[in-house]
Amino acid sequence: MEDVIARIRQELRENADDKKRESAERFFKEGVKLYGLTVPTVNRLAKTYLRELKQSGKQDVFMLCEELWQSGYMEEALIACIWSHAVHKAYQPEDIVVFERWISQYVTNWATCDTFCNHSVGDLIDMYPALVDVLKRWATSDNRWMRRAAAVSLIVPARHGRFLGDVFQIADILLLDTDDLVRKGYGWMLKSAGEAHQQEVFLYVMKNRAVMPRTSLRYAIEKMPPSLKAQAMES
């Protein structure tokens, strides 16, 4: 299996593009390590090599993901995100410990945070709803990526109408957060919850709009009708 990692890295180096790297860097205020590949190219590589792992168990795949995360390169982290989600049918509750460690040790930008949490963490929480309490603990972390993860892990389940009470509890914890990326993260979570529970999310925003950061508020109401947006934005 080590050969798989070596061959992927060789392809990443061969496809590296300085212009693409410089262009991508503009989207990240924090420093990022990049080869300079487009996301579709990374996705193609991930899926191509994933075929070689069909006979591998979840733990073997997780070991490979760990090695990819450790490199610090965004493209390798994105491949790890795809691979860890590929084995989601085998997830068990204890996998939250692994996922928490990956976020706390290796996530350094919004792209890997969101890709990993929207899919792998979100599916794990959906499969084992009691784990949602772990997200509430993450929301109190000193690590900005753990706090963003607490919110964006519920994006997909919330869109389907699930975990509404937990969405509001996490939003309460993050309500006055001073980090812009965390503010955007919980605003996005509220927006997703509003797709299935528009009135409840609108009432939550109205109750908190006096103190809710403008960034979070705008994200939360983005898909609401103009009349509701106008009410929420009234000074």
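Remember, it's a predicted structure, so these values are computed and weren't measured experimentally.

Analysis parameters
- Residues numbered from 1 in each chain as written.
- Predicted model: local features only at pLDDT ≥ 70, side-chain atom pairs only at ≥ 80, totals over all residues.
- Heavy atoms only, no water.
- Helix = DSSP H or I, 4+ residues; strand = E, 2+ residues; numbered from the N terminus.
- Rg over C-alpha atoms; globule rule 2.2 N^0.38 Å.
- Buried < 20%, exposed > 50% of the residue type's maximum accessible area, 1.4 Å probe, protein only.
- Contact = heavy atoms within 4.5 Å.
- Areas by Shrake-Rupley, 256 points an atom, 1.4 Å probe, with all protein chains shown as cover.
- Salt bridge = Lys/Arg side-chain N within 4 Å of Asp/Glu carboxyl O.
- Axes fitted to C-alpha atoms, helices over the stretch in contact; angles between N-to-C directions.
- Parallel < 35°, antiparallel > 145°, perpendicular 65-115°, else oblique.
- Left-handed = near helix turned anticlockwise from the far one by under 90°.
- Phe/Tyr/Trp six-rings, centres within 6.5 Å; stacked < 30°, edge-to-face > 60°.

Across its full length, the protein holds 15 helices and zero strands. Its C-alpha atoms give the protein a radius of gyration of 19 Å, near enough to 18 Å, the size a compact globule of 235 residues would have. Within the protein, the fraction of its 235 residues that count as buried is 51%. A separation threshold of at least 6 residues defines the contact pool for the protein, and within that pool the share at least 24 residues apart is 70%. Carbon together with sulfur atoms contributes 52% to the accessible area of the protein, which is approximately 11,200 Å² in total.

Per the counting criterion, the structure on display carries 19 salt bridges. As a salt-bridge pair, Arg-7 and Glu-52 come within 2.6 Å of each other at their nearest N and O atoms. One end of the pair, Arg-7, is in helix H1 (residues 2-14); the other, Glu-52, is in the loop between helix H3 (39-50) and helix H4 (58-70), with 45 residues separating them in the sequence. By relative accessible area, Arg-7 is classed as partly exposed at 29%. Salt-bridge contacts for Arg-101 lead to Glu-66; the nearest nitrogen and oxygen are separated by 2.7 Å. Of this pair, Arg-101 sits in helix H6 (residues 95-106) while Glu-66 sits in helix H4, and the two are 35 residues apart along the sequence.

Here we take up unusual backbone geometry. Residue Phe-163 is not a glycine yet carries a positive backbone phi of 65°. Within the secondary structure layout, Phe-163 lies in the loop between helix H10 (155-159) and helix H11 (164-174).

Moving on, we come to the packing of H4 against helix H5 (residues 74-86). H5 packs onto H4 with a crossing angle of 165° between their chain directions and a minimal axis gap of 8 Å. Between H4 and H5, the interaxial angle falls into the category roughly antiparallel. For the crossing formed where H4 meets H5, the hand is left-handed. Contact residues: H4 offers Val-61, Phe-62, Leu-64, Cys-65, Leu-68 and Trp-69, while H5 offers Glu-76, Ala-77, Ile-79, Ala-80, Cys-81, Trp-83 and Ser-84.

Take the packing of aromatic side chains next. By the definition in use, this model includes eleven aromatic pairs. Plain terms: the ring middles of Tyr-91 and Phe-99 are 5.4 Å apart, the flat faces sit at 80° to each other, and that makes the pair edge-to-face. Of the two residues, Tyr-91 and Phe-99, both sit in the buried class. Ring geometry for Phe-99 and Phe-116: centres 5.0 Å apart, planes at 80°, overall edge-to-face. Here Phe-99 is found in helix H6, whereas its partner Phe-116 is found in helix H7 (residues 110-127), with 17 residues between them in sequence. Comparing Phe-99 with Phe-116 shows no difference in burial state: the two are buried. An aromatic cluster is present here, built from Phe-62, Trp-69, Tyr-91, Phe-99, Trp-102, Tyr-106 and Phe-116 joined pairwise through their rings.

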